Amino acid sequence: MMILSANTQWVLLSTMMLGMAAGVVGCFAYWKRQSLMSDALSHAALPGVVAGFAVLGTKSLPFMLGGAALSALLGALFIQWIRTSSRVKEDAAMGIVLSVFFGLGIMLLTLANRLPGGQQSGLDSFIFGQSASMVRQDVYTMLGVTLLVLIVTLVAWKEWKLFLFDPQFGGGLGLSGRVMNLLYMVLLVLVIVIGIQAAGVILMAALLIMPGVSARYWTHSYGGMIGLAALFGGASGAVGTLVSASGNGWPTGPFIVLTASVLFVISLTLGTSKGLLVMLLQHRAQRAALTKQHTHPAHETVERGG
Amino acid sequence: MSYTGWILLTASLVGLSCGFIGVLLILRRMAMMADAISHTVLLGIVVAYLVTRELSGVHMLIGAVTAGLLTSLFVQWLHARGVQQEASIGVVFTSLFAIGVVLIATKVGNAHLDIQHTLMGEITYIPWELTELPWIGAVPEAVVLLSGVLVVVVGVILAFYKEWKITSFDPALAASLGIPVVLMHYVFMSLVSITTVAAFDAVGAIMVVAMLITPAAAAYLWTDRLLVMMGLSGVFGVIAAFMGYYIAVWLDTSISGSMAFSTGIIFMISFLFSPRHGLASRLVRPADQI
Amino acid sequence: MDRVLSVEQLNASYRKNKVLDNVSFEVLPGTLTAIVGPNGAGKSTLLKAILDLHPRLSGVVSCFGSPYAQVKSRIGYVPQRGSVDWDFPTNALDVVMMGLYGKIGWLKWPKRKHRELALAALEEMGLGNYADRQISQLSGGQQQRVFLARALVQDADLYFLDEPLAGVDAATEKVIMDTLNTLKNKGRTVMVVHHDLQTVEEYFDHVLMLNRTVIAHGKTADTFNQANIMRTYGGSLRWMGDRLG
């Protein structure tokens, strides 16, 4: 057991909270069938981060996060616009926004790295995430925003449920779909924006997608899934940060994602609700029941893998 | 050929291969699959490097195609087990990519293979890495590799043109006519993988995604004929390569980033002004009245 | 071999739910059969399971006395209209020509004679003037007729159609039914997933009533009666009251 510095403890706390918030909002994205939207938006945040830096000429997290939020929202707007007013489908629209915004981000990044102070700004660490680059101020910002996100999801618990499950019915009860959609988009962008410093724009999406998908293998209930996703996300954030801190200059994002992948594989195989093991046993039972039912000779049946 | 000439030729070859493949990608609604594969080939390259300890074209191609096919298999497999298609893509590619990055960061990080390079490419070095060809003389290795890939891509698309068309448009009918839809899917994924990996070294992962999806989507707004769409898409890719290069030189910035951005400009122009399916056409006449 | 199609003890499931339970029936040549049943009765899945497009848990399907895979070229399939992307960059003639791809063979491009065959089929459907139209610019009924033309050029002996009359105009409905009757009179066999109970007696000489398993199957005149309809649809059929009095 290593002894952690006070700063590392704070960073650990903030990546854990980030993982929890990402797990919860990731569930929303999953139910809205927008898992890859988070990937597109986190890539789209890059030019904003760099522009936020360039405006002040010095590293100021609020400015950079503000820029990130703006460009991610712009990306979301573009996807929506392309999808609704041309024959180009959503997947292509996301691919376009993702790659073009990221290309612009790289252009700006190359330019910014030549500005005085640009090389030391740690801008590069936004690509793969570098929690070691976070100072106390960054940690407070992150903690504040994650808390806000968690509170918003908890306060409007039943409204979210209604909105995600049956927005039309919700509309009938006076729940405005537009407002909820906007709020959802804001939450998603907030989580992405605060996450990119630790997890990086390229892998941030994984922290949103994986905890929710893993949670599905354990429970069918709404609350259960959200709770478990928060747990998985928090664990991924904390463990990933710890592991990456044990190496010299190792990026944080990939280790957070690997932790989340390990949790996913465990859930996939051993999960009590739809895990492979359980499915296998059920399948056997079904097969056995079927053979009992029929007196048909086995060689005549056409067998197909499920 | 001049230094600039080689760079433009390399990028144009990427633009052509990606442009042709991209048309099938977006018609099969697999744009995000291309994004996924462009990330996971990194793992294939790293593993090939760890096994052979050298970065040769052949090993990289084998590693990348394996990684691409595995990505596609895993996604299919998870989807068949009830995970949404989108989410399965997200789970698979981020995991495999993370493994690749971690391996680079912890095991193989060196001058030949670093993370920055794989994302953004190093097209500026391409003209220096020459190889001798009979008759022609010294040619950059990347140009040889990319020309080979272009020939394969064009060959396979044209040879099975009607099969690509029908399996993209109506897979159920294709299957009922006896066309091996699943096999075609994996052949296609292999094509995407080799295109990606060949382009990867030159221009990096993100630029590959831009070149695969954006010119094809732009071409989709100009025409209703598949062959024309492919031709246009290739042309757009080449235009983006030239445009990107000169913008990058002008601003003195990343060439691959600037090429990716240029594909976006071409798309935006098409999106706004294409007389057939652009926004302008809607202003002139209502959508359903032709 | 007398039977065109025989299905024995067919079982299939979708995700965890069993949608086809011991389905068995046989179809005679030169018949026009409607497959009817409530939503979720497994009508489309039945077609797909027969055509190897949906995995079978167990059961034997044979067409013309052989396994389906060996006689694919003698079988035509018209999927639901919603199953394809109508924004696909292709025109009506091209879609019809797709029906010939199996016959044209690998590596070959369609020739003039294939174009002419496809054009003739389009004309038969009354769409000769629409050959160059991008397919999204056709009406729903016209799209359905393009699909039917595509099946016609296949020149199959056994046809499966999935809801060809759903959401089409009256003119298209008439063209489609005339075409199917012509096929029947030429000795071809046609099976149609059908949703409109009002027209079963008028349009079809045989009916297969399905609700996860075969409830009744036979000549329409003998089979399509109130008792069987009630058994097929259970309590879910409030609106049948006015029709059956």
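Chain B carries the name Iron ABC transporter in an unreviewed UniProt entry, which gives Paenibacillus campinasensis as its organism. The UniProt entry for chain B carries the following comment under Sequence similarities (unreviewed entry): "Belongs to the ABC-3 integral membrane protein family."

With an unreviewed UniProt entry as reference, chain A is termed Manganese ABC transporter, source organism Paenibacillus campinasensis. Note on chain A: under the UniProt heading Subcellular location (unreviewed entry), the record states "Cell membrane". According to the UniProt record, the Sequence similarities (unreviewed entry) comment for chain A is "Belongs to the ABC-3 integral membrane protein family."

Chemist: Is there a simple way to think about the overall build of chain B in this case?
Modeler: Looking only at helices and strands, chain B features 13 helices and 2 strands. By the compact-globule yardstick of 19 Å for 290 residues, chain B fits well, its C-alpha radius of gyration being 19 Å. Here chain B holds 290 residues, and 57% of them are scored as buried. The contacts in chain B between residues at least 6 apart in sequence include a share of 71% that link residues at least 24 apart.

Chemist: I tried to follow the overall build of chain A on my own but got confused; where do I start?
Modeler: Counting its secondary structure elements, chain A contains 14 helices and 0 strands. Tracing chain A from N to C terminus, the helices and strands come up as α-α-α-α-α-α-α-α-α-α-α-α-α-α. The proportion of buried residues among the 306 residues of chain A is 52%. For chain A, contacts bridging at least 24 residues in sequence account for 73% of all contacts bridging at least 6.

Chemist: What exactly am I supposed to notice about the pairing of strand β7 (residues 158–162) of chain C here?
Modeler: Within a regular beta strand, the side chains point alternately toward one face of the sheet and then the other, so they alternate between its two faces. Residue and element names in this part refer to chain C. Burial analysis of β7 places 5 of its 5 residues in the buried class, which makes it a mostly covered element. Taking every second residue as pointing to the same face, both faces of β7 are buried, with L158, F160 and D162 on one and Y159 and L161 on the other. Looking at chain direction, strand β6 (residues 75–78) and β7 are connected through 4 bridges and run parallel. Residue pairing in the sheet places V78 in a bridge with L161 of β7. Bridge count between β7 and strand β8 (residues 189–193): 5 bridges; the pairing is parallel. Bridging across to β8, D162 finds its partner in V193. Handedness of the crossover joining β7 and β8 through helix α6 (residues 170–185) is recorded here as right-handed.

Chemist: Explanation requested: the interface of chain B and chain A in the structure shown.
Modeler: In many reports, interface size means the accessible area that the parts give up when they come together. Across the contact, 46 residues belong to chain B and 43 residues belong to chain A. Of the residues forming the side of chain B that touches chain A, the biggest block, 13 residues, is contributed by helix α4 (residues 85–108) of chain B. By residue class, the composition of the side of chain B that touches chain A is 29 nonpolar, 14 polar and 3 charged.

Chemist: Can you help me understand the sheet that holds β7 of chain C in this one?
Modeler: Pairing between sheet strands relies on hydrogen bonds along the backbone, with the strands arranged either parallel or antiparallel. Residues and elements named next belong to chain C. Taken in spatial order, the 6 strands line up as β6-β7-β8-β3-β9-β10 in an open sheet, and their pairing is mixed. Looking at which strands have only one partner, the edges of the open sheet turn out to be β6 and β10 (213–219). Going across the sheet, the axis of each strand differs from the next one's by a mean of 15°, ignoring polarity.

Chemist: I tried to follow the UniProt feature "transmembrane region" (unreviewed entry) in chain A on my own but got confused; where do I start?
Modeler: Residue and element names in this part refer to chain A. Sites flagged by UniProt as "transmembrane region" (unreviewed entry) map to residues 12–31, 63–82, 94–112, 139–157, 182–210, 222–243 and 255–281. In this annotation, residues 182–210 is assigned 86% helix and 0% strand; the end-to-end C-alpha distance for the span is 23 Å. The distance separating the terminal C-alpha atoms of residues 255–281 is 33 Å; by composition the span is 81% helix and 0% strand.

Chemist: What is the right way to look at the packing of helix α9 (residues 181–203) of chain B against helix α10 (residues 205–220) of chain B in this model?
Modeler: The axes of two packed helices give the description: the angle between them and the distance between them. All names here are of chain B. Orientation of α9 relative to α10, taken along the N-to-C sense of each, is 125°, at an axis distance of 8 Å. When the axis of α9 is compared with that of α10, the two are oblique. Classified by chirality, the crossing of α10 by α9 is right-handed. Contact with α9, carried on its side by T196, A199, F200 and V203, involves A205, M207, V208 and M211 of α10 and no other residues of that element. Tallied by class, residues from the contact of α9 with α10 come to 7 nonpolar, 1 polar and no charged.

Chemist: Is there a simple way to think about the sheet that holds strand β1 (residues 5–14) of chain C in this case?
Modeler: All names here are of chain C. Spatially, 4 strands are ordered β2-β1-β4-β5 in an open sheet, and the strand pairing comes out antiparallel. The two strands at the open ends of the sheet, each matched to only one other strand, are β2 (17–27) and β5 (66–67). In the sheet, β1 pairs with β2 via 7 bridges, with the strands oriented antiparallel. If you follow A12 over to β2, its bridge partner there is L20.

Chemist: Looking at this model, I keep getting lost on the packing of helix α12 (residues 222–245) of chain A against helix α13 (residues 252–270) of chain A. Mind explaining?
Modeler: All names here are of chain A. Running from amino to carboxyl end, α12 crosses α13 at an angle of 135°, the nearest separation of the two axes being 7 Å. Our classification of the angle between α12 and α13 gives oblique. Handedness of the α12/α13 crossing: right-handed. Contacts between α12 and α13 pair F232, A235, S236, G237, V239, G240, T241, V243 and S244 from the former with T252, F255, I256, L258, T259, A260 and L263 from the latter.

Chemist: Teacher, can you tell me more about the confidence of the model for chain B here?
Modeler: If pLDDT is low for a region, its predicted coordinates should not be looked at in detail. Per-residue pLDDT for chain B averages 87, and the proportion of residues at 70 or more is 93%. Reported confidence for the predicted complex is 0.91 by ipTM and 0.86 by pTM.

Chemist: Whenever I open this one, the pairing of strand β2 (residues 137–140) of chain B confuses me. Can you help?
Modeler: Residue and element names in this part refer to chain B. Pairing geometry for strand β1 (residues 130–133) and β2, over 4 bridges, is antiparallel. Bridge pairing in β2 places L130 opposite P140. The turn joining β1 and β2, which pair antiparallel and follow one another in sequence, is formed by 3 residues; a positive phi near 70° is taken by W135.

Chemist: Would you take a moment to explain the environment of R136 of chain A for this structure?
Modeler: By secondary structure assignment, the location of R136 of chain A is in helix α7 (residues 136–155). Between the C-alpha atom of R136 of chain A and that of V11 of chain A, which follows or precedes it by 125 residues, the distance is 8.1 Å.

Reading the values: the criteria
Residues numbered from 1 in each chain as written. Chains lettered and ligands numbered in written order. Predicted model: local features only at pLDDT ≥ 70, side-chain atom pairs only at ≥ 80, totals over all residues. UniProt positions renumbered as here; feature names shortened; annotations may be inferred. Helix = DSSP H or I, 4+ residues; strand = E, 2+ residues; numbered from the N terminus. Rg over C-alpha atoms; globule rule 2.2 N^0.38 Å. Buried ≥ 20, exposed ≤ 12 C-beta atoms within 10 Å, placed from the backbone. Contact = placed C-beta atoms within 7 Å. Pairing = 2+ DSSP bridges. Right-handed = clockwise from strand over helix to strand, strands pointing away. Nonpolar A, V, L, I, M, F, W, Y, C, P; charged D, E, K, R; others polar. Axes fitted to C-alpha atoms, helices over the stretch in contact; angles between N-to-C directions. Parallel < 35°, antiparallel > 145°, perpendicular 65-115°, else oblique. Left-handed = near helix turned anticlockwise from the far one by under 90°. pLDDT = per-residue confidence, 0-100.

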